[in-house]
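Fold and contact review
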Amino acid sequence: MTLHILMLVSMFIAVIWTVLAPTLIGSALGLGITSSILTIIMFQFNAPLAAVFELSICTGLISVVFISTIGLSNPLSYTEMVKRKMNRFKRFIFLPLIILLIEIYFINNRLPFDFKPATVVSNHDVSTIFWNVRHLDIVGQIFLLFVGVIGVIVFFKEKERK
Amino acid sequence: MATLLFIIPILIILFLNSPFPGLSLRGKAYPITTTFALIQVVVILLAGTNRFNSLDSFFQQHLHLSFQVDNLSLFIMLTAGIITASAALTGENTISDKEQYKFYFHNLLLLNIGSLNALACTTDIFSMYIFIEVTALICFILIALKFDVLAYEGAFKYIMITSVATLFMLTAIALAMMIAGGTGFSQIKTAIESGSGTSTVMKTAIAIFLIGTFIKAGVVPFHAWVPDAYSSAPTAVSILLAGIASKAMGMYTLMRFLKSVFGFNPQIGSILLAVGMLTVIVGALGALPQKDLKRLLAYSSISQNGYILLGLGAGTQLGFAGAVFHFFNHAIFKSSLFANTAALEQRLGTLDIDKINGRGSKMTFTAATSVIASLSAAGIPPLAGFWSKLIILIALWQSGNYFLTFLAATAGILTLAYLLSFQRRVFFASGDDNQDQNVTEADNVLLYSPLLFCSLTILIGVLIPYFLGSIILPVDKIL
């Protein structure tokens, strides 16, 4: 339990760093660290396949995509960066207070788990369920792939044109 | 047959983008998209649910695709077909001067209609979530297709706010799966009916899911993204967003869940009625001071979504049928109004109502169709919009919500006020005669959609006794 809470707090700190980092590269690194901690949490909860996906795709591939995108964007000037840094902190000044209030509320008003979790009975492993059972989801993934490819082409072509 | 309606768009995309010159249909994206959408409309009008389900049993058996077509699905697919055809027609003249962007626009339209068809037919909450996300991603790209600062801002706001909705929906799915042991509609429904429905966790899941659908639909108080997204997107994309995309992701999802999953109960009804009434009034008040035509129509869309929620909140079969009917009517008259803005933008170069100042008076066809669509939106008989609002008001009255019935009827006056105001200032104000001389009617291709929609509005309104008994009321019981 202590380890879980520690992981959760670490992930929260990494998320805050991702959002508040002064540079985009810092944000991309923060995202990578967040995904890595989430991977560890998934391993702790006995979901190795999900953890592997999280590590390879979110930590690995997404970080590469982010850094490539950052490489294609125009950097801010020094003045713009200083102004942006000050504004960003001002925006989040109430965040610790809001989080504390939410924590106090949920400590005093715990969600009663007044139900019996259903037992999922399945003779199939994850790959069988993914490839042989949930075919409509695969159709959805194909749609997502096409949309992603077209989106990248549309936005990167516009970037090249500019 | 429903399978074909979401598999064929993928096949068309492959042929459109084929690297082999002999197989490529690159130059034909526009006619193919429009034709496919119109064929979908014809197929749905001619086939009934029985024919759909019997032809699909082959695909279900061999491809293990879990879906079911009912009257509600057919309604959504019909609306998707009509609106996609209109967006394709309008987009050809308004998206961009560059052929490649028009090409990608039509690709995205095909993916969108395929995704909406799958969304309308699925019987699994997780598959539904996937297709909602596909549609949201497509809308994000389409909103940004103008490539200016406002478009990027609108797209960014849209994806940020709807990502919060995604978070809520996924959380609700996880909680529901914990209780039901699966993600199928029937599994969750069984779990609710067996007693888990009264558990705090299930109630939390339902509440969280409702918030997610409200954000996706853009109802008050989650409507912040709607005016920016609708106004900064190209007009053809505004037609798609207002006509089907945002409503399918939000309102249809809510309708499906009321019908097939958690059913109707008084608590959910109260929430829907409260949010619906707030949305009607805030949307109408928000539209009144608008100077930008598309922002005015965006706020109008928000307000009309409130009427749909009121129909659902009444908790009766009549209310549900009224909500679905108003969903369809809103798609028709709002898309017609957005198509009119495309015509105005083409000829006048601006959508600022103060700058237009009556210069639209020379565009007689656009003016006429705009007036018909506005009157339908305001609920003036005998147009279709009047009947859907009347059905909702009757359903509210019959369910004992007398005060809300009075409020909803009064809010119709606000709708009339802002729509008539926009008509007067755009088409009937006495502007500068020197400026008016060069204004002519828009290109024919921008007039087809308003012509079709206004014809439908009048036809449905006049022939309402036939449509009410044979199409609208049998949309299905929710209790």
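First things first, this report covers the structure right here in the doc. (Residues numbered from 1 in each chain as written. Chains lettered and ligands numbered in written order. Predicted model: local features only at pLDDT ≥ 70, side-chain atom pairs only at ≥ 80, totals over all residues. Heavy atoms only, no water.)

Quick look at the side chain of Ser127 of chain B
Turning to its location among the elements, Ser127 of chain B is positioned in helix α6 (residues 125-143). Note on Ser127 of chain B: relative accessible area 2%, which makes it buried. For Ser127 of chain B, the side chain forms a polar contact with the side chain of Asp137 of chain A, separated by 2.6 Å. With near-sequence residues (within four places) excluded, Ser127 of chain B lies in contact with Arg134, Leu136 and Asp137 of chain A together with Thr122 of chain B. (Helix = DSSP H or I, 4+ residues; strand = E, 2+ residues; numbered from the N terminus. Buried < 20%, exposed > 50% of the residue type's maximum accessible area, 1.4 Å probe, protein only. Polar contact = N/O pair within 3.5 Å; in protein donor to acceptor, adjacent residues only side chain to side chain. Contact = heavy atoms within 4.5 Å.)

Digging into the packing of helix α7 (residues 149-180) of chain B against helix α9 (residues 200-217) of chain B
All names here are of chain B. It is at 8 Å that the axes of α7 and α9 come closest, and there the two elements cross at 155°. When the interaxial angle is binned, α7 and α9 end up roughly antiparallel. Our pair here, α7 against α9, has a crossing hand that is left-handed. Residues that form the contact of α7 with α9 fall into these classes: 17 nonpolar, six polar and one charged. (Axes fitted to C-alpha atoms, helices over the stretch in contact; angles between N-to-C directions. Parallel < 35°, antiparallel > 145°, perpendicular 65-115°, else oblique. Left-handed = near helix turned anticlockwise from the far one by under 90°. Nonpolar A, V, L, I, M, F, W, Y, C, P; charged D, E, K, R; others polar.)

Some points on the packing of aromatic side chains
Counted under the stated rule, the structure contains 16 aromatic pairs over all chains. The interplanar angle of 90° and the centroid separation of 6.4 Å between the aromatic rings of Phe155 of chain A and Phe147 of chain B together place this pair among those described as edge-to-face. Of this pair, Phe155 of chain A sits in helix α7 (residues 135-161) while Phe147 of chain B sits in the loop between α6 and α7, each in a different chain. For Phe155 of chain A, a relative accessible area of 23% corresponds to the partly exposed category. Their ring planes at 70° and their centres at 5.5 Å tell us that Phe185 of chain B and Phe257 of chain B sit as a pair that is edge-to-face. A residue pair is termed long-range when its members are at least 10 positions apart, and Phe185 of chain B in helix α8 (residues 185-193) and Phe257 of chain B in helix α11 (residues 235-260) qualify at 72 residues. No difference in accessibility class separates Phe185 of chain B from Phe257 of chain B, as the two residues are buried. Through a chain of ring-to-ring contacts, the aromatic side chains of Phe155 of chain A together with Tyr101, Phe140 and Phe147 of chain B assemble into a single cluster. (Phe/Tyr/Trp six-rings, centres within 6.5 Å; stacked < 30°, edge-to-face > 60°.)

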